[in-house]
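One-letter residues, chain by chain:
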Amino acid sequence: MTKDGRPEPGGTRAGPTRIRAADVLRPTFKRAFWHIYDHLGTLIVANLLWCILCLGVVTAPPATAGLFRLARRIAADEDARLADFWNGFRRDFLRSIKLGAFTAGSAALLWFNIRFYGRLQGGAAFAGTALATLLVWSAAFFALMHVHLHPLLSAGDRRLRTALRKSALLVLDNPAFSIAIALQSVLIAALLAVSGVGLLLLAGSLIAVILSTGHRELLKKYFPGSDAASEPRETRSWRDLWRPWESQRPR
């Protein structure tokens, strides 16, 4: 485990304690909500830029990298500006394109193999169904890896292979958390997509902040001596939406 927030699951830990997924998810969504509230204007502009850049095949992956770079700084309560989006866009341009190509290629390969083995008949039908089922589970696992992959890359993992390995280990070590936060993100995106405007204004930024905040909360499990683990709890409540001058947020 490194002090810059990059975990090495399976490596040395501070202790063998196990943390329930709910114990990570609760502070994740509370912190993410207030992060979004505090940076709503910046996130809306960033999401609009992300949507525009996603219209281009080549610029979509770097735009996503820029969005997660901004979200990482917001999740860490650092001074986050729109310039961070462009910094992430430029810094991770080539690496994000490699990731996009790898993801698209892997998804296509899994899809074609699932269809091929699932259509086998006769004596090969049973084996084909078993292989197709195995590949479906592999596709689901690969999708869950992306819950951790983008936050890891935005935190500074320079090698894609290393980030992929860490993402896989994080899913294996935290399956309930990975599934829960992925489902929540998909549900939120679907709800925003229904309105159309929500998809354009907030969907990408909102999910990036949720995943980045969740990743930061999860790191406390592996490195309890980090800055993330020592940060104070978010104490603001619903009434602070209407009376922000009475905010209980620690300074």
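Quick notes on the rules
Residues numbered from 1 in each chain as written. Predicted model: local features only at pLDDT ≥ 70, side-chain atom pairs only at ≥ 80, totals over all residues. Heavy atoms only, no water. Phe/Tyr/Trp six-rings, centres within 6.5 Å; stacked < 30°, edge-to-face > 60°. Buried < 20%, exposed > 50% of the residue type's maximum accessible area, 1.4 Å probe, protein only. Helix = DSSP H or I, 4+ residues; strand = E, 2+ residues; numbered from the N terminus. Core = buried A, V, L, I, M, F, W, Y, C linked by side-chain atoms within 4.5 Å. Contact = heavy atoms within 4.5 Å.

Participant: Explain the packing of aromatic side chains to me, and be specific about the residues and the numbers.
Facilitator: A full pass over the atoms with the stated rule returns seven aromatic pairs. Each ring, one from F85 and one from W86, has its centre 5.2 Å from the other, and the planes form 90°; the classification is edge-to-face. Residue classification places F85 among the buried residues on the basis of a relative accessible area of 0%. Residue classification places W86 among the partly exposed residues on the basis of a relative accessible area of 32%. Aromatic side chains F102 and F142 sit 6.0 Å apart centroid to centroid with 65° between the ring planes, which places their arrangement in the edge-to-face category. Here F142 lies in helix α6 (residues 125–154) and F102 lies in helix α5 (residues 93–118), a separation of 40 residues in the sequence.

Participant: Outline the nonpolar core, listing residues and values.
Facilitator: Of all hydrophobic cores here, the largest spans 46 residues; its most connected members are L43, F85 and I181. Elements supplying a minimum of two residues to this core: α1 (21–38), α2 (40–53), α3 (60–75), α4 (82–91), α6, α7 (160–173), α8 (175–195) and α9 (197–222). Sequence-distant contacts of I181, defined by excluding residues within four places in its chain, comprise L25, T28, F29, V147, I210, L211 and G214.

Participant: Tell me about the environment of L164, and please be specific about residues and values.
Facilitator: Along the chain, L164 falls in helix α7. Distance from L164 to H146, taken between C-alpha atoms, is 8.8 Å for residues 18 residues apart in sequence. With near-sequence residues (within four places) excluded, L164 lies in contact with F102, M145 and L149.

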